[in-house]
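A closer look at the structure
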Amino acid sequence: MTAARRVRRAPAITVVRGRDCRMDRGVIVGYRPDRAVEDLRLTLGRGARLRSGTVIYAGTTIGQALQTGHGVIIREQNRLGDDVAIWSHSVVDYGCRIGDHVRIHTNCYIAQFTVIEDGAFLAPGVTIANDPHPGCPYSRDCMRGPTIKAGAQLGINVTVLPYVTIGRRTLVGAGAVVTRDLPDGVVAAGNPARVLRAITELECVTGLTDRPYHADGRAGPRLAAVPHPPRRS
Amino acid sequence: MTAARRVRRAPAITVVRGRDCRMDRGVIVGYRPDRAVEDLRLTLGRGARLRSGTVIYAGTTIGQALQTGHGVIIREQNRLGDDVAIWSHSVVDYGCRIGDHVRIHTNCYIAQFTVIEDGAFLAPGVTIANDPHPGCPYSRDCMRGPTIKAGAQLGINVTVLPYVTIGRRTLVGAGAVVTRDLPDGVVAAGNPARVLRAITELECVTGLTDRPYHADGRAGPRLAAVPHPPRRS
Amino acid sequence: MTAARRVRRAPAITVVRGRDCRMDRGVIVGYRPDRAVEDLRLTLGRGARLRSGTVIYAGTTIGQALQTGHGVIIREQNRLGDDVAIWSHSVVDYGCRIGDHVRIHTNCYIAQFTVIEDGAFLAPGVTIANDPHPGCPYSRDCMRGPTIKAGAQLGINVTVLPYVTIGRRTLVGAGAVVTRDLPDGVVAAGNPARVLRAITELECVTGLTDRPYHADGRAGPRLAAVPHPPRRS
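No experiment lies behind these values; they were computed from the predicted model shown.

**Observations concerning the pattern of salt bridges**
If you walk through the whole model with that rule in mind, you get 27 salt bridges over all chains. Of the charged contacts in the structure, one is a salt bridge between Arg-75 of chain A and Glu-76 of chain A, with a shortest N-O distance of 2.9 Å. Across the pair, exposure class does not vary: Arg-75 of chain A and Glu-76 of chain A are buried alike. Where salt bridges share partners, they join Arg-22, Asp-24, Arg-49 and Arg-51 of chain A together with Asp-34 of chain C into one cluster.

**Remarks on the interface of chain B and chain A**
At the interface, 35 residues of chain B touch 34 residues of chain A. Buried area between chain B and chain A, summed over both chains or domains, comes out near 2,600 Å², and the portion from carbon and sulfur atoms is 60%. Summed over the shared surface of chain B and chain A, the number is 3 salt bridges. Joining chain B to chain A, the criterion identifies 11 residue pairs in polar contact (both at pLDDT 80 or more). Of the residues assigned to the side of chain B that touches chain A, the class counts are 13 nonpolar, 15 polar and 7 charged.

**What to know about the nonpolar core**
Residues and elements named next belong to chain A. Formed by 47 residues in total, the largest nonpolar core has its most connected members in Leu-66 and Leu-154. Elements with a contribution of two residues or more to this core: β3 (28-31), β4 (41-44), β6 (55-57), β9 (73-74), β12 (91-92) and β15 (109-110). It is β6 that provides the largest number of residues to this core, a total of 3 residues. Among all residues touching Leu-154, those that are not within four sequence positions of it are Phe-121, Leu-122, Ala-123, Val-126, Ile-148, Val-160, Ile-166 and Val-172.

**Structural notes on the sheet that holds strand β25 (residues 186-189) of chain A**
All names here are of chain A. Judged by pairing direction, the sheet is mixed, and its 10 strands sit side by side in the order β2-β5-β8-β11-β14-β17-β20-β23-β25-β26 without closing on themselves. Strands with a single pairing partner mark the edges of an open sheet, and in this sheet they are β2 (22-23) and β26 (194-198). With 2 bridges connecting them, β2 and strand β5 (residues 49-50) associate as parallel partners. Of the residues in β5, the one forming a bridge with Arg-22 is Arg-49.

**Here we look at the relation of the copies chain C and chain A**
Between chain C and chain A, the superposition needs a rotation of 120° and an axial shift of 0.0 Å, giving an RMSD of 0.0 Å. Read as a symmetry element, the transformation amounts to a three-fold axis. Each copy contacts the other with its own distinct surface, as only 12% of the interface residues of chain C are interface residues in chain A too.

**Examining the relation of the copies chain B and chain A**
Copy one and copy two of the chain differ by a rotation about a common axis and a shift along it. With an RMSD of 0.0 Å, chain B superimposes on chain A once it is rotated by 120° and translated 0.0 Å along the axis. An overlap of only 11% is found between the interface residues of chain B and their copies at the interface of chain A, pointing to separate contact surfaces.

**Structural notes on the environment of Pro-221 of chain B**
Note on placement: Pro-221 of chain B falls in helix α3 (residues 221-224). Taking C-alpha positions, Pro-221 of chain B is 8.5 Å from Gly-119 of chain B, a pair spaced 102 residues apart along the chain.

The rules behind these values
- Residues numbered from 1 in each chain as written.
- Chains lettered and ligands numbered in written order.
- Predicted model: local features only at pLDDT ≥ 70, side-chain atom pairs only at ≥ 80, totals over all residues.
- Heavy atoms only, no water.
- Salt bridge = Lys/Arg side-chain N within 4 Å of Asp/Glu carboxyl O.
- Buried < 20%, exposed > 50% of the residue type's maximum accessible area, 1.4 Å probe, protein only.
- Contact = heavy atoms within 4.5 Å.
- Buried area = accessible area lost by both parts, 1.4 Å probe.
- Polar contact = N/O pair within 3.5 Å; in protein donor to acceptor, adjacent residues only side chain to side chain.
- Nonpolar A, V, L, I, M, F, W, Y, C, P; charged D, E, K, R; others polar.
- Core = buried A, V, L, I, M, F, W, Y, C linked by side-chain atoms within 4.5 Å.
- Helix = DSSP H or I, 4+ residues; strand = E, 2+ residues; numbered from the N terminus.
- Pairing = 2+ DSSP bridges.
- Least-squares fit on C-alpha atoms with pLDDT ≥ 70 in both.

The following block contains the structure:
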């Protein structure tokens, strides 16, 4: 009779939360994934600020000072650094690695197994893929997200294909579709995205500075630790 | 005096729910549409799994084993088959017909009167239109979504225009804008989308198989019932 | 001891709500912005209809009869006219000016400092930018959204760059990337968007009318007040 009552016991979820976290009412931390995940601990560093509708799954590790907009979803088996901000309605699927000082703006989708390095910026609507041939019976074995190197800047509605690497401090123009690797320190745009010039050749549209990405220019904290790539000749 | 108190009585909403449905707290089933809808019954087949923030309107019929991510909206007068999955923040507007084993990934928008056949897959950010000339005074009379045939695969951020038909098992590349009909079994990409080759000509990028869409290849349950189109000569 | 207890007092939030507003349970009006905002009054005109998951920040002024879908976010320091509708999961960032009879459909992102004039229509997935060079240390000083003139119609998944002006009643085709100004009364499409013809030259695809945007055509209330631009020779 006791045997008949025995049920599969779901593994326990642990939430380890740092000091000074502020969460709006209704925010969910430690949501149970349906996938079988061995380690269901959620570690959320101190100083997090989570806005209404945010859901963070168990099995993920997040550094200090995470900020989320409303309706942000962060799945299991992710590893996020310090000072990451993810804005409203963006979704980070499982198994990603995201560095420090990363900004993921509104309505973005980050596919499983994507790597985003320190200081990268993803503008609203950036969408990332990880499956070269959806529907192929071998898809599960070859899914791999792109690698977005430190300080890269992706414009609004940029589409990034699997296996692609976007170089350090490279700027991808709005609406571009990135189908191949992009080197460090370039501007690329179009569908498919093509390299247009070095970022150091860009001119300021408003006259506030001579070159917005000049190698000697000031940089805010997000990019300060990401050195400019060497000037291409 | 009783006459003065008489108010328009809103038609009653009925929710018919199958066995073994699991819904997160705050999920709304049977939301009242503002449009005048004669039949306000919501039928939700057994085994549904609805995640937080999901809203399903009254007046819709859904088969077995629906899965939703967070923040999914399914409007009235839709008809969904069995084993449909719709991921976070996607919206199915009213009056659509969606077959069995369909996958609608994250941040998609399915316009009114769209038809999606069995086993089709829509990657994150797919957006579908139904109005050839928005703002035209006759728009209400000519709205019609596209038809996405069985087993078609739409890549991330694909845009589909009204009246278009996308063929069986056809693969639309990431970021494409589909402005005209696409035949069965082709690969198309670009803005506007152009046919590049037959899907059977695609090669595997990782060497796991010779051809990801080979007509003799294995297929998961989603595509098993959708035969390969005949090879084009 | 009392001094030790003294804390920074956050400025008070006031919500001024007109008659006949209907809000679903869980809707948040008067959400506190983290940015320092002097005037934290939220004015919401009468007859608003706010659906589940909607969040409206303090410090914004909204006219009569606002309609929102589910999960709509309207930030601080915005000014919206009468009869505006914003559909599910769309986000209006801070500091925008939006006229009367504007429609912002599903999954749109409206960047800070965008101007949208009367009767404009933004289809699902329209994404707007305001930062010509994200990551430039001077970005904060040069952010400026585009201006979308009265009666302009933006198709699904349209991407609009900063500083751009889209002309009156101009129609932007689905999936276009608007990188430069577009004049009044034209059809534009592509990446980058190019002018294709005058809107009065468009033909109806269904035969319901001879010209969907004929200067003498009927117009619904949304566009009635926006005169057709003069015919280009």
